[in-house]
Amino acid sequence: MSSKEEPVSHSRRRLIRNGMQVTLAISLIGIAGRTVLKSASDDLVWQLDPFKCVQCGRCAKECVMSPSAVKCVHAYALCGYCDLCGGYLKPDPNARTTAAENQLCPTAAIKRKYIEDPYFEYVIDEKLCIGCGKCVAGCTSFGNGSLHLQVRHDLCRNCNECAIARVCPSEAFSRVPSHKPYLIKGDFKKG
Amino acid sequence: MNRKLINGLLILIAIAIVVIISTDFIGNKAGQNKSNPYEYNIEAFKQVDSAKVLYNEVTTFPVLADQLSGIAVSDSSVVVAAGNKLLQFNFIGEEIFRKPIIDTATCITMDGKKNVWIGMRHFVAAYDLNGTLIKRWKSFDERSVITSLAVSGDQIFVADAGNRVVYKCNRDGLIIARIGEKNEQKGVPGYVIPSPYFDLAIDNSGFLWVVNPGRQSLENYNADGSLRTSWGVAGMKIEGFSGCCNPAQMTIMDDNSFVTSEKGMPRIKLYGQHGELKGIVAPPDLFDAGSYYAPDVAVDASNKIYALDFARKQVRIFKMK
């Protein structure tokens, strides 16, 4: 007498094999789906809106990076190339020169270069800039506001909770799409 | 005994830790005001000698509009250009009318015939005192940014910040002369205009005065466009014009005194006809903290000074003490 029933050990083996195949299939589908979703959606990075920035100085102090990943950037198209630059010179300077006592920047990170009478070009040395925003305050008050702060993404760790965003008094920080990571003045309008 | 002491100490330490952590957490929250070691501090320059303040603020009235552009005063009313509207007020601030204008205004003035001349970005339009359009000039050019107008008889002077020139025009907008362009032979240094602040006015003798904002000076021109004289000193101190583009606004009184208004650290001052500081009309502490814009200024027949405060959206009237 022959029996068509499989032995119990065979049935268990098939169950385990089938289970492994289903698990593998689900994993593969999951990974593929996640890859597709990730490529379709955009990563987000931290950036600050220069029109909301109040130059409180916290970008220099609160960033986990030292010096801060926030740097002053210069929108040259907006700059007036002023001789009496509110972002470069201290209020009421002794003279309009590059002498240290006349410079507003605490780290001398702005370079002043003569173009032609009475125009000067101002260039930020980002290695020296600590993101304090002092020059931004001067430029915003007395100039065109061409100097402004931005998070530099080659330096930013893109923390889950940005230490500066947490304390920013004007809520200028937000996450922006990584394909458009900068909010440069002149490229976009207030509001 | 020892054990109780240790327990007590541990509890005290635990409480201290909780207090420190909570204070730090609450103190560091967004919106909290903390001292800024990198503060751009100009407070010292906002302090003025009260003996130098020659005017009192006597009246204030609101201008209910989204965008303010400029102010002018006649012997019967105050007119304000507010975006694409023209508003007329009586002297106690009651709104007489508000009428639409054909484009967004950048500046405004009135002539002796009580016509209202309004500068738009590229062109000029004239309205009667009822707000009816009577004239619209052709556009100057695409680069034009009209920032100020002044009328002297049948001549209209137009400040074009975009092209760094003053046009002398007839009433139909025909350019008769271009004034102030850089000309080394005539000794004209040219206008330095870092931002769209470029004001002009006509004095009691009919001479044109133009602000050269990048040089923090006022320049006076002959009828042929040659430079006659200039004055002005840069500086945060009360005698000077602070920073770039100042004085951002100005007007001239009957006795040829100058009323100047500055941006960055808003303040309104009175200078004599040779540029000597006579006194202060409105010191910086009369303006809101964080306010950058220079109020537009106008003067009436009784030498009261009208300031259009862009931050507060008010007309503020100052009378000599």
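Residues numbered from 1 in each chain as written. Chains lettered and ligands numbered in written order. Predicted model: local features only at pLDDT ≥ 70, side-chain atom pairs only at ≥ 80, totals over all residues. Heavy atoms only, no water.

Colleague: Help me understand the overall build of chain A in this model?
Modeller: The helix and strand tally for chain A stands at four helices and six strands. Its helices and strands taken in sequence order, chain A reads α-β-α-β-β-β-α-β-α-β from the N to the C terminus. In terms of overall size, chain A is more extended than a compact globule, its C-alpha atoms giving a radius of gyration of 28 Å where 191 residues would be expected to give roughly 16 Å. The principal-axis extents of the C-alpha atoms in chain A amount to approximately 115 × 30 × 25 Å. (Helix = DSSP H or I, 4+ residues; strand = E, 2+ residues; numbered from the N terminus. Rg over C-alpha atoms; globule rule 2.2 N^0.38 Å.)

Colleague: How should I be thinking about the interface of chain A and chain B in this particular structure?
Modeller: A common measure of how large an interface is: the accessible area buried when the components associate. Each partner contributes to the interface: chain A provides 33 residues, whereas chain B provides 36 residues. When the buried surface of chain A facing chain B is broken down by residue, Asp-92, Phe-142 and Arg-166 of chain A rank first, second and third, together holding 26% of it. Taken together, the connections running from chain A to chain B amount to one salt bridge. Note that Lys-237 of chain B and Asp-92 of chain A form a salt bridge whose closest N and O atoms lie 2.6 Å from each other. At the boundary of chain A with chain B, the tally comes to 12 residue pairs in polar contact (both at pLDDT 80 or more). In terms of residues, the side of chain A that touches chain B owes the most to one element, helix α3 (residues 134–142) of chain A, which gives six residues. In the side of chain A that touches chain B, the residues fall into 16 nonpolar, nine polar and eight charged. (Contact = heavy atoms within 4.5 Å. Buried area = accessible area lost by both parts, 1.4 Å probe. Salt bridge = Lys/Arg side-chain N within 4 Å of Asp/Glu carboxyl O. Polar contact = N/O pair within 3.5 Å; in protein donor to acceptor, adjacent residues only side chain to side chain. Nonpolar A, V, L, I, M, F, W, Y, C, P; charged D, E, K, R; others polar.)

Colleague: What is the right way to read the packing of aromatic side chains from this model?
Modeller: For any two aromatic rings, the description comes down to two numbers: the centre-to-centre distance and the angle of the planes. What the rule picks out here adds up to 14 aromatic pairs over all chains. Sitting above the plane of the Phe-120 of chain A ring, Arg-112 of chain A keeps its charged end 3.7 Å from the centroid. (Phe/Tyr/Trp six-rings, centres within 6.5 Å; stacked < 30°, edge-to-face > 60°. Lys NZ or Arg CZ within 6 Å of the ring centre and 35° of its normal.)

Colleague: So what exactly am I meant to see when it comes to the domain arrangement of chain A here?
Modeller: When cut into domains, chain A gives domain 1 (8–41) and domain 2 (44–177). Distance from the C-alpha centre of domain 1 of chain A to the C-alpha centre of domain 2 of chain A: 52 Å. (Domains from an automatic or database assignment.)

Colleague: Just to check I follow, could you spell out the sheet that holds strand β17 (residues 227–231) of chain B for this structure?
Modeller: Strand pairing in a sheet relies on backbone hydrogen bonds. The paired strands run either parallel or antiparallel. All names here are of chain B. Judged by pairing direction, the sheet is antiparallel, and its four strands sit side by side in the order β14-β15-β16-β17 without closing on themselves. The open sheet terminates on both sides in strands that have one partner only, identified here as β14 (200–202) and β17. Across this sheet, the average inter-strand angle for adjacent strands is 25°, counted without regard to direction. Pairing of strand β16 (residues 217–221) with β17, which is carried by four bridges, proceeds in the antiparallel orientation. Bridging across to β17, Leu-218 finds its partner in Trp-231. (Pairing = 2+ DSSP bridges. Axes fitted to C-alpha atoms, helices over the stretch in contact; angles between N-to-C directions.)

Colleague: So what exactly am I meant to see when it comes to a nonpolar patch on the surface here?
Modeller: Residues Leu-5, Ile-6, Leu-9, Leu-10, Leu-12, Ile-13, Ile-17 and Ile-21 of chain B make up a contiguous nonpolar surface patch of roughly 800 Å² in combined accessible area. Structurally, Leu-9 of chain B is set in helix α1 (residues 2–27). (Patch = residues over 30% accessible without salt bridge, like charges linked within 9 Å, V, L, I, M, F, W, Y side chains within 5 Å. Areas by Shrake-Rupley, 256 points an atom, 1.4 Å probe, with all protein chains shown as cover.)

Colleague: I tried to follow the pattern of salt bridges on my own but got confused; where do I start?
Modeller: Think of it this way: side chains of opposite charge can pair up when their charged atoms draw near. Residue and element names in this part refer to chain B. Scanning the entire structure with this criterion turns up 17 salt bridges over all chains. Here Lys-46 makes a salt bridge to Glu-43, at a shortest N to O gap of 3.4 Å. Of the two residues, Lys-46 and Glu-43 are both situated in helix α2 (residues 43–46); the distance of three residues between them amounts to about one turn of the helix. For Glu-43, a relative accessible area of 40% corresponds to the partly exposed category. Across the salt bridge formed by Glu-181 and Arg-178, the nearest N and O atoms sit 2.9 Å from each other. (Buried < 20%, exposed > 50% of the residue type's maximum accessible area, 1.4 Å probe, protein only.)

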